[in-house]
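# Analysis of the macromolecular model
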Amino acid sequence: MITYYDDRSVQVTSTSVRVDGRSYALVDITMLWHRRGTRSWRVLVGRGAIGAALAGPLVAAVLGIGLAVWLHRSPTVTIAIVGASVLVGLAVGPVADFLFEHLDRSYARGSRQLEIWARWRGQPVRLLRTGDALRFGQIYRAMQRAVEHSQPARPATRR
């Protein structure tokens, strides 16, 4: 028996697909397809918030420098305001790596619910529903390989 995919809730082998405790024999699966749901506004707003968090300190630094120049104060006050603004702008550096990591994970997970469906014993059955695009892709490809390898080889036709 070949294992194509295995995690805590899904196992795809050369003989069956097991999802959340339910098992489906590959010989009973005649077709496999997937569906994409609508976009999740919650995920998109979260990405926007991360972008704003990245841009916020830089915008504050530019506004601070502009304010220092506009006020026409003494050179000491101007230098102090510009220095504080630059420090605020530099604050984005250590935080940026953390925020970019979250943004990258957000794109890996995706912004839609994804479903894997199969025709099992003549009936359409939803095997899996997940919002994790990376995991979905791994499971769907494993199921495709398992179903392809479980089908009997067709004899070659001559032309």
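Okay, so let's go over this structure.

Criteria and cut-off values
Residues numbered from 1 in each chain as written. Predicted model: local features only at pLDDT ≥ 70, side-chain atom pairs only at ≥ 80, totals over all residues. Heavy atoms only, no water. Salt bridge = Lys/Arg side-chain N within 4 Å of Asp/Glu carboxyl O. Helix = DSSP H or I, 4+ residues; strand = E, 2+ residues; numbered from the N terminus. Buried < 20%, exposed > 50% of the residue type's maximum accessible area, 1.4 Å probe, protein only. Patch = residues over 30% accessible without salt bridge, like charges linked within 9 Å, V, L, I, M, F, W, Y side chains within 5 Å. Areas by Shrake-Rupley, 256 points an atom, 1.4 Å probe, with all protein chains shown as cover. Expected span 1.5 Å × (residues − 1). Arc of directions from axis to C-beta. Contact = heavy atoms within 4.5 Å. Pairing = 2+ DSSP bridges.

### Some thoughts on the pattern of salt bridges
Pairs can form between side chains of opposite charge whenever their charged atoms are close. Within the structure shown, the criterion is met by four salt bridges. For Asp7, the salt bridge identified is with Arg135, shortest N-O distance 2.8 Å. Here Asp7 is found in the loop between strand S1 (3–6) and strand S2 (10–13), whereas its partner Arg135 is found in helix H4 (residues 133–150), with 128 residues between them in sequence. Of the residues examined, Arg135 reaches a relative accessible area of 15% and is grouped as buried. Notably, a salt bridge pairs Arg121 with Asp28, separated by 3.2 Å at the nearest N-O pair. Placement of Arg121 in the loop between strand S6 (112–120) and strand S7 (123–130) and of Asp28 in the loop between strand S4 (22–25) and strand S5 (29–39) is noted, with a sequence separation of 93 residues between them. When its relative accessible area of 58% is taken as the criterion, Arg121 is described as exposed. Salt bridges linked by common partners bring Glu115, Arg126 and Arg129 together as one network.

### Points about a nonpolar patch on the surface
Taken together, Ile65, Val69, Val86, Leu87 and Leu90 make up a surface patch of nonpolar side chains, about 460 Å² in accessible area. Those elements giving two or more residues to the nonpolar patch turn out to be helix H1 (41–71) and helix H2 (75–90). The greatest single-element share of the nonpolar patch, amounting to three residues, is contributed by H2. Tracing the sequence through the fold places Ile65 in helix H1. Under the relative-accessibility criterion, Ile65 is labelled partly exposed at 34%.

### Some remarks on H4
When the terminal C-alpha atoms of H4 are compared, their 25 Å separation across 18 residues agrees well with the 26 Å that a helix rising 1.5 Å per residue should span. Residues Arg135, Phe136, Ile139, Tyr140, Ala142, Met143, Ala146 and Val147 constitute the buried set of H4. Around the axis of H4, the buried residues are gathered within 165° of arc, so they sit on the same side. Opposite the buried face of H4, by more than 90 degrees, sit the exposed residues Leu134, Glu148 and His149. Check the buried side of H4 and you find it contacts S1, S2, strand S3 (16–19), S5, S6 and S7.

### Considering the pairing of S6
In this sheet, S6 lies alongside S5 in antiparallel orientation, the contact comprising eight bridges. Looking across to S6, one finds that Arg39 is bridged to Arg112. Sheet analysis places S6 next to S7, joined by seven bridges and oriented antiparallel. Residue pairing in the sheet places Ile116 in a bridge with Leu128 of S7.

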